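# Tertiary structure, described
Take a look at the letters that make up each chain.
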Amino acid sequence: MDAPEEPLPPVIYTMENKPIVTCAGDQNLFTSIYPTLSQQLPREPMEWRRSYGRAPKMIHLESNFVQFKEELLPKEGNKALLTFPFLHIYWTECCDTEVYKATVKDDLTKWQNVLKAHSSVDWLIVVVENDAKKKNKTNILPRTSIVDKIRNDFCNKQSDRCVVLSDPLKDSSRTQESWNAFLTKLRTSLLMSFTKNLGRFEDDMRTLREKRTEPGWSFCDYFMVQEELAFVFEMLQQFEDALVQYDELDALFSQYVVNFGAGDGANWLTFFCQPVKSWDGLVLRKPIDMEKRELIQRQEATVLDLRSYLFSRQCTLLLFLQRPWEVAQRALELLHSCVQELKLLEVSVPPGALDCWVFLSCLEVLQRIEGCCDRAQIDSNIAHTVGLWSYATEKLKSLGYLCGLVSEKGPNSEDLNRIVDLLAGLGAERPETANTAQSPYKKLKEALSSVEAFEKHYLDLSHAAIEMHTSIGRTRSARLVGKDLAEFYMRKKSPQKAEIYLQGALKNYLAEGWALPITHTRKQLAECQKHLGQTENYLQTSSLLASDHHVTEEERKHFCQEILSFASRQTDSPGHKIVLPLHCFAQLRDLHFTPSNAVVHVGGVLSVDITMCSQMPVPVHVEQIAINVHFSIEKNNYRKTAEWLTKHKTSNGIINFPTETSPCPASQNNLPALELYEMFERSPSDNSLNTTGIICKNAHMLLRRQESCASLETPSGVALEGGAHVLKCNDVTLEPGANRLMFRTQAKEPGTYTLRQLCVSVGPVRFVLPHLYPLVQYDVYSQEPQLRVEPLADSLLAGIPQKVKFTVTTGHYTVKNGDSLQLSNAEAMLILCHAENRAVIYSNTREKASDVLLRVQSSDKVTSISLPAAPAYHMIEFELEVLSLPSAPVTGGESSMLGMTEPHRKHKDTQKAGHCMATTDHKVSIDCPWSIYSTVIALTFSLPFRTTHSLLSAGTRKYIQVCVQNLSELDFQLSDGNLVDPGSADLQLVPLNAKSPQHTHSKQSVFFVWELKWAREPPPSLHCQFSVGFAPASEGQLSIPLKPYTYEFQVENFFTLYNVRAEILPPSGTEHCRTGSLCSLEVSITRLSGLLEVDKDEALSESDEYFSTKLMYEVVDNSSNWAVCGKSSGVISMPVVAQATHRVHMEVMPLFAGYLPLPDVRLFKYLPHHSAHSSQLDADSWIENDSLSVDKHVDDQLDSSSIKSRGSVHSASSSEHKGLPMPRLQALPPGQVFNSSMGMQVLVIPSKDDHVLEVSVT
Amino acid sequence: MADEALFLLLHNEMVSGVYKSAEQGEVVSAAKALEENGRCITKLENMGFRVGQGLIERFTKDTARFKDELDIMKFICKDFWTTVFKKQIDNLRTNHQGIYVLQDNKFRLLTQMSAGKQYLEHASKYLAFTCGLIRGGLSNLGIKSIVTAEVSSMPACKFQVMIQKL
Amino acid sequence: MAVCVAVIAKENYPLYIRSIPTENELKFHYMVHTSLDVVDEKISAMGKALVDQRELYLGLLYPTEDYKVYGYVTNSKVKFVMVVDSSNTALRDNEIRSMFRKLHNSYTDVMCNPFYNPGDRIQSRAFDSMVTSMMIQVLSRAPCCRAGEALWA
């Protein structure tokens, strides 16, 4: 092993470097040990504690042992670290004192002095001993002594500087131990030395960096220094630390450049700013690019050189660190920043030079990475590399354009010169890549050599880039590269290749709604399609562009012109049509029908106004605009009538079309709207609500996966549909913006017409809107003629002339002269025909057409109205006066009265003076000219009056009162009321009424009174007939005399039989009654006549000399002023003889002071029980029908209370004889009893002692 | 979020407002009534949707990005619910097939209305808005969904979220 | 400081995009659109990341020779893209971050504006002027976030 012999060459080969350790003393000894040593040393790792709080590291130490020479020791100021000896070892195996004294000691001393002179303190003395030696030695001191000597001779107080290594070449445990001890010692001291020396070095370096603001400071010098450190770290395999050094340098430099940009440039930077002469990209294939390093050392490096060198080192280290992807990423950043820096530093670079440099660099980096990774890794890390690929592609492209390589007629001389210059800048290919086929250098050279070669390389790169982008899902980037490619192809005049890329890109932009890219790409596509002669597509694209607002006005005009000129060119050769979607030419705004409800009768005229927005920048003349209409016959007949349609149509008749959404595919829009409903879940047992909630009816539709909306660029696949029904308008000029178009059509068949497809034709070009949405329909109907008759007022009043409106809807029937309506009169209703009746004729849409005189002739049976001539689908309206003869229905007074009073009763309960008039219907059958059947119409008249009558008596004198109540809204004049009884002649009715006509306002009543007088015995019943003349108060003179209003009724038992008198007398001795003190009530009942017809009933009993009847009297005091003491009622038998009188005496006590009315005395017929109807009668039932019978003529509150009181009485009495047959009570008709003391009053004086009053009250 | 009382009252008014405006058009048949009712529900739900969109934009402004669907649902149940209804969802269940059931045992908008079955027939009106709130929130977080609700005894209620797989 | 600011909908169509100088608007549109590739990548990667790494700011999307493109995505999957001039080396990452925050705040206000219908192009003046404030910064080096804040605060 002679390596130590040669002096160390100053050259640096980093990887081979190891820290230097010098060996002095016994060389042979060392040589013998060296092999073991060199292999033992790195075996065990050692922890290296670092200064500046850096994390400690384990390192495997190796070192380069060299023979000690004085010149190895660094001179003052030498910063070299690589050549720095970190440790000095002296080897000896001397074991006897003489030898030591004689030679070894001096040698050691000399060695030590040299070290001291260079103030290097990292040394070690190794004493090797082996037993072999001491065999032959006789005079042996204890061996330790040598070591001891050395120790105290040289290593004072650091005795560990001297190490013993015993029998190194033996194989014994002892040997092992000593070895280990020695190695550990060696390692520690080495590390200590590192820490110390590196520490010092770093300090120096730092101070140097601090100086960087000083004028003389040179970046390159500093660079060298810090790189030295980096080298050492690298040498120690501390790549991280090494990398840090370079990154620091990198950052420092960048900072300078930035500052330079900001204005303060360090003068040393100017070295770097010299114009770029060579642009042979990065060199990454060898650990250190020496020539670049020297350039830097000599301060002749350009920015590119520096950057390249720096990066090459970083790259190397990163690769050591297994971080190839970081290399790629850093590379891209580097290249970008270099370009920026050159700009910033205003370094002059020949055009294209940078492109070359970048291109080469990209490929170099990529190849370097590929060099150290396997395919799989690369494929899985495309994301990192693809950037470089596309950057390279980009650069190659720009080179191509620069050097005229992208054109069908190759580069011109000027281009060629440029190419030559660029190639010159590459210099000669470097040896290390010389024999790799695909080296970046070769690629570039070749690419620039010829148009074909360039194309090949460019396409390769582009495709590679596209492929990579797509493979990692960067479709957009891929598209962009694709577009470049397309441009390239266009330049090369091969549009067919370009098209797919443009289409692809366009599709993508449309899908994502990017307006500007869309426009731009479309322009390119248009050009491409033009070259390809795809007329249809070209025209479509043009139309799209012409309507595109991102395009300049001129361009729009141009594209529009393209379409027009094509159209004009093609006109001569008809037949072949070109169908394009409408939306890119014009848009529908709104549509408006007249008539607005879009309903016309057969033969009617319908017009459709359409507002169409032309998207074209210039006025466009259009041959025809046609709307295809789909016709469907309506099943439902009724639907065809005008009323229905008018009811069910949007009356304003304006349909707005949604504006075409600008390319913005907001996904939520094309989703159907949710349809939510409330959900009620009831329990099956009882129908009670279990759960409620919200459910979605159309969930299935919403949850369905959304199929990506198909080709947004609708290919002109719209089929022209031909149809029988077409709305046309010809030769229109569409101005830019809104245009109003008018379509007119005459309705033929009835049914529903749906506007389907709109087609604008410009020459052979058809712009088609395949479906009008929203649905646009109009309806055509045919209608049967009909007659309607209705009162003008809400109700017709009987008895006075009333206006009735006749409406004839002609429908499809045309009314000719002589057509007439034949009305067959109803007997109780007559039609009053005046001199002038006018009829008005309206059109279907209620416009007044004409106003004509109407002739009405009426015979007793028939009235004929001759209609004026009117066209179809018109309306004839006229009014006639009719009169219904008023009469209280002639069915017997009693019932009729009930019939009329019954409702009145009801209203009374709910205090509403509601008028519910009795009504009479009149049917009229009319024969119309258009049908053989006669239509029957019913008119309902209501009687304006309600009449009631009542009987009034004064003693035996009798009066009849008739009340006429006016229920109508009108006021009336009532005149000469008259009452007659045709039946009984000897009876006379004396009117007590005013002669003058009475005025009754609406809802008012008028009363008429007659006195009854008679000579002989009056009949049990009267049959009266009331009649009164009437006329509406409002109109003065009526056209015809009106029949008077009549009312018939009967009066029975009006003749007075009994007179009842009551009288209250104060207690004897007092002239006035006092409250609380008893008074006597005298009641006298007097029979006024002898036996009459009316008395003939079961109450009548015959005694020997006269007839008598049973009566029941009852004293009731509803006002409870009186307390009746003792029995208040009783049954008496009354002789049926004139002036027969029956007196009753009873006690009553006034409860209040003042004028009190007398208590009421009532009389009833007391009918004894008859077996006939005893059985079914019981307590309640008799009260019931008794009350009924009482009801008859007595007015309400009175009798109700009487029932009460009587009820109480009888229930009391009836309680004992339960189940026994009951006698019956029958009220005497009011006419038969006259209470002469009715309305009398008695004065009652308050008594002194009130507490009695108290008592009586409670 | 506004003071909760305010929110509650406002919400009630909104519901009645929507239903009043619906009554203007007189309802003829029962079927029509149901449909009309549905329209109101939908209207309320749509209101909720828009509000949800806005709210979620605010609420998620400072949160970390969501990991996945479940992460989002959790956010709705916790943070979102707490901010709007002052409490968390009591129970979240899912079939991992895109259906989630959020159960709130004491739903803010029902508590003051009834405890039990009284007014049950009206309950759903008061859930529509919240359904929308959820749907809006989710949709703004990029999840298309349908949200339905269910009450059997107030104030507890369930919201079911059906997520539209894209 | 930005030369182009874009807001992009979930569905990847631009809700708002503005750039200075306006003449090469088209270029920026292409650039922003392409950057969506990286945004998508980052978002999908984001799913796997740990919670603390899942921030809305996506950092540098990709550098080009002359521009740096930064990205940010809201939880509602709305993307903000900002293009910065590479020569503008002074710009630090956290400045960009804060600019994005401002954008986000402003966007949130837009979302809560009754006159804005989610999914429509953004027309809000407030938003516009906020963006402007970010763009003019390049001309005046001064920290003119103030202007921006004034607008949306």
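Residues numbered from 1 in each chain as written. Chains lettered and ligands numbered in written order. Predicted model: local features only at pLDDT ≥ 70, side-chain atom pairs only at ≥ 80, totals over all residues. Heavy atoms only, no water.

### Description of the overall build of chain B
- For chain B, the helix and strand inventory stands at six helices and four strands.
- Per-residue burial over chain B gives 53% buried out of 166 residues.
- For chain B, contacts bridging at least 24 residues in sequence account for 61% of all contacts bridging at least 6.
- On chain B, roughly 7200 Å² of surface is accessible, and the fraction owed to carbon and sulfur atoms is 56%. (Helix = DSSP H or I, 4+ residues; strand = E, 2+ residues; numbered from the N terminus. Buried < 20%, exposed > 50% of the residue type's maximum accessible area, 1.4 Å probe, protein only. Contact = heavy atoms within 4.5 Å. Areas by Shrake-Rupley, 256 points an atom, 1.4 Å probe, with all protein chains shown as cover.)

### Focus: the nonpolar core
- Residues Leu37, Phe65, Trp91, Phe182, Phe219 and Phe272 of chain A are the most contacted members of the largest nonpolar core, which totals 151 residues.
- Residues within four places of Phe219 of chain A in sequence aside, it is in contact with Leu249, Leu252, Phe253, Trp268, Phe272 and Leu306 of chain A. (Core = buried A, V, L, I, M, F, W, Y, C linked by side-chain atoms within 4.5 Å.)

### Some details on the sheet that holds strand β34 (residues 972-980) of chain A
Residues and elements named next belong to chain A.
- Reading across the sheet, the four strands line up as β36-β34-β38-β39 and stay open at both edges, with antiparallel pairing between neighbours. Strands with a single pairing partner mark the edges of an open sheet, and in this sheet they are β36 (998-1000) and β39 (1045-1052). Taking each pair of neighbouring strands and ignoring which way they run, the sheet shows an average axis angle of 35°.
- Where β34 lies against β36, three bridges are found, and the strand directions are antiparallel. Residue pairing in the sheet places Gln973 in a bridge with His999 of β36. (Pairing = 2+ DSSP bridges. Axes fitted to C-alpha atoms, helices over the stretch in contact; angles between N-to-C directions.)

### So, the sheet that holds strand β48 (residues 1154-1157) of chain A
Residues and elements named next belong to chain A.
- Strand order across the open sheet formed by three strands is β41-β52-β48, with mixed pairing between neighbours. The open sheet has two free edges, formed respectively by β41 (1073-1074) and β48, since each of these has just one partner strand.
- One ladder, built from two bridges, connects β41 with strand β52 (residues 1241-1245); its direction is parallel. When the bridges of β52 are listed, Arg1074 appears paired with Ile1245.

### Here's the deal with the packing of aromatic side chains
- Applying the stated criterion across every chain, the model contains 53 aromatic pairs over all chains.
- For the ring pair Trp91 of chain A and Phe182 of chain A, a centre distance of 5.8 Å and an interplane angle of 65° mean the geometry is edge-to-face. Of this pair, Trp91 of chain A sits in strand β5 (residues 85-92) while Phe182 of chain A sits in helix α5 (residues 173-210), placing them 91 residues apart in sequence. Across the pair, Phe182 of chain A and Trp91 of chain A agree in class, each one buried.
- When the ring centre of Tyr677 of chain A is taken as origin, the NZ or CZ atom of Lys697 of chain A, which lies over that ring, is 3.6 Å away.
- One Lys or Arg, Lys27 of chain C, reaches over the ring of Phe28 of chain C and ends 5.6 Å from the middle of that ring. (Phe/Tyr/Trp six-rings, centres within 6.5 Å; stacked < 30°, edge-to-face > 60°. Lys NZ or Arg CZ within 6 Å of the ring centre and 35° of its normal.)

### Focus: the confidence of the model for chain B
- When pLDDT is averaged along chain B, the result is 86; 93% of the residues meet or exceed 70.
- Here the predicted complex scores 0.68 on pTM and 0.85 on ipTM. (pLDDT = per-residue confidence, 0-100.)

### Quick notes on the interface of chain A and chain B
- Tallying the contact residues gives 22 residues for chain A and 29 residues for chain B.
- Interface area for chain A against chain B, summed over the two sides, is near 2200 Å², with a carbon-plus-sulfur share of 64%.
- If you look at where chain A meets chain B, you find zero salt bridges.
- Of all the elements in the fold, those that place two or more residues in the side of chain A that touches chain B are β14 (676-682), β15 (689-696) and α25 (699-703) of chain A.
- In terms of residues, the side of chain A that touches chain B owes the most to one element, β15 of chain A, which gives eight residues.
- Summarising the sheet, β15 of chain A and strand β3 (residues 145-151) of chain B pair through three bridges and their orientation is antiparallel. (Buried area = accessible area lost by both parts, 1.4 Å probe. Salt bridge = Lys/Arg side-chain N within 4 Å of Asp/Glu carboxyl O.)

### A closer look at the interface of chain C and chain A
- On the side of chain A, 30 residues touch chain C, which itself brings 28 residues to the contact.
- When chain C packs against chain A, close to 2500 Å² is buried across both sides, 56% of that on carbon and sulfur atoms.
- Of all residues in chain C, Tyr30, His33 and Glu65 of chain C give up the largest surface area on contact with chain A, accounting jointly for 29% of the area buried on that side.
- Counting across the interface, chain C meets chain A through five salt bridges.
- Lys343 of chain A is paired through a salt bridge with Asp66 of chain C; the nearest N and O atoms lie 3.6 Å apart.
- There are 13 residue pairs in polar contact (both at pLDDT 80 or more) connecting chain C and chain A.
- Breaking the side of chain C that touches chain A down by element, the ones donating at least two residues are β2 (14-19) and α1 (25-48) of chain C.
- Here the element with the most residues in the side of chain C that touches chain A is α1 of chain C; it accounts for 12 residues.
- Per-class residue counts for the side of chain C that touches chain A are 11 nonpolar, nine polar and eight charged. (Polar contact = N/O pair within 3.5 Å; in protein donor to acceptor, adjacent residues only side chain to side chain. Nonpolar A, V, L, I, M, F, W, Y, C, P; charged D, E, K, R; others polar.)

### Let's talk about helix α3 (residues 69-85) of chain B
Residue and element names in this part refer to chain B.
- Where α3 bends most, at Ile76, the angle is about 35°.
- Those residues of α3 not exposed but buried are Ile72, Met73, Phe75, Ile76, Cys77, Phe80, Trp81, Val84 and Phe85.
- Once α3 ends, the next one or two residues include Lys86, with phi positive near 60°. (Bend = angle between axes of the 7 residues up to and from the residue.)

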